[in-house]
Structure formats: C-alpha cells, structure tokens
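One letter stands for each residue in the lines below.
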Amino acid sequence: MEEAVDLTPETHINNRYKIIEVISKEGQSGTVYRVLQTGLEAFQVERAMKVLDPKRIPLKERTSLERFFREIQLLSRVTHHNVVKILDAGEHTSDGRAH
C-alpha cells in the first residue's frame, strides 16, 4: 500500500480548501479535517472534510474509490438533522487521495 503523508495546516487541496486542523483520525478509512473553503473572501466558510488514507484504503484499487464515490452519491440524498450534508467530493490533485 501507499505511504500517506498527513496533511498539515495550511496545506491546500485543489486550490479550493485549506487545512486548518485534524478533527479525528479515529475512523476506519481516513482522517477528518477542519478546512476553510477558499475562494472569494466573502464566501470563505469552514467545513469538515474526510480524506481517505491510502494506508487503510488501497486507492490504486479502483473498486475502493468507486465504492467511496457511490456511498457519497447515496449519502448526498439523505436529509436529516443528524446527518452531515455532503457538498463536494473529488481527488486531491497532488497525491490522488479521495475526499
């Protein structure tokens, strides 16, 4: 499996998000970060972002990514006050990690 490097504060993801801090590393598939959605200053908003960890999820196996994005599609249809709304999904351009 690939060796993942933790994303550090100030790391930019696809010129759209800036890492602020780690929220949790306790999940089975990745790390959850507090990020700032960048862009026009008036639209900068803090968000939570889960980034898959290639040490736990072999991202070179297309089925892992396909399953992750299929789950995102399904969860994006769920509306409930106890479920986080999904706003975006993609792959980190510098290393291919899914978020």
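Enquirer: What is the right way to read the packing of aromatic side chains from this model?
Expert: The way to describe two aromatic rings as a pair is by their centre distance and the angle between their planes. Summed over the entire model, instances satisfying the criterion amount to one aromatic pair. Here Phe-68 and Phe-69 contribute two aromatic rings whose centre-to-centre distance is 5.4 Å and whose plane-to-plane angle is 65 degrees, an arrangement assigned as edge-to-face. On the accessibility criterion, Phe-68 (13% relative accessible area) is buried.

Enquirer: Which parts of the structure should I look at to understand the pairing of strand β2 (residues 17–24)?
Expert: Both faces of the sheet carry side chains from a regular strand, because those side chains alternate between them. The sheet contact formed by strand β1 (residues 12–13) and β2 spans two bridges and is antiparallel. Counterpart to Ile-13 in the pairing with β2 is Tyr-17. From the end of β1 to the start of β2, which pair antiparallel, there are three residues, and Asn-14 there has a positive phi angle of about 50 degrees. Note that β2 and strand β3 (residues 30–37) share six bridges and pair antiparallel.

Enquirer: Would you take a moment to explain the side chain of Gln-37 for this structure?
Expert: Positionally, Gln-37 belongs in strand β3. Among the residues examined, Gln-37 registers a relative accessible area of 18% and is labelled buried. A polar atom in the side chain of Gln-37 sits 2.8 Å from the side chain of Arg-47. With residues up to four places along the chain from it excluded, the contact list for Gln-37 reads Arg-16, Tyr-17, Phe-43, Gln-44, Val-45 and Arg-47.

Enquirer: Would you mind going over a nonpolar patch on the surface with me for this structure?
Expert: Judged by side-chain polarity, Leu-75, Val-78 and Val-83 come together as a nonpolar surface patch covering roughly 210 Å² of accessible area. With respect to the element layout, Val-78 can be found in the segment after α1 (62–75). Of the residues examined, Val-78 reaches a relative accessible area of 37% and is grouped as partly exposed.

Enquirer: Explain the nonpolar core to me, please; I cannot follow it from the model alone.
Expert: One broad rule of soluble globular proteins: the nonpolar side chains tend to lie buried together. If you look at the biggest cluster of nonpolar residues, it comprises eight residues: Leu-7, Ile-13, Tyr-17, Ile-19, Tyr-33, Val-35, Met-49 and Val-51. When contributions to this core are tallied by element, the ones reaching two or more residues are β2, β3 and β4 (45–52). The next biggest cluster of nonpolar side chains, apart from the first, holds five residues, and it includes Leu-52, Leu-65, Phe-68 and Ile-72.

Analysis parameters
Residues numbered from 1 in each chain as written. Predicted model: local features only at pLDDT ≥ 70, side-chain atom pairs only at ≥ 80, totals over all residues. Heavy atoms only, no water. Phe/Tyr/Trp six-rings, centres within 6.5 Å; stacked < 30°, edge-to-face > 60°. Buried < 20%, exposed > 50% of the residue type's maximum accessible area, 1.4 Å probe, protein only. Pairing = 2+ DSSP bridges. Helix = DSSP H or I, 4+ residues; strand = E, 2+ residues; numbered from the N terminus. Polar contact = N/O pair within 3.5 Å; in protein donor to acceptor, adjacent residues only side chain to side chain. Contact = heavy atoms within 4.5 Å. Patch = residues over 30% accessible without salt bridge, like charges linked within 9 Å, V, L, I, M, F, W, Y side chains within 5 Å. Areas by Shrake-Rupley, 256 points an atom, 1.4 Å probe, with all protein chains shown as cover. Salt bridge = Lys/Arg side-chain N within 4 Å of Asp/Glu carboxyl O. Core = buried A, V, L, I, M, F, W, Y, C linked by side-chain atoms within 4.5 Å.

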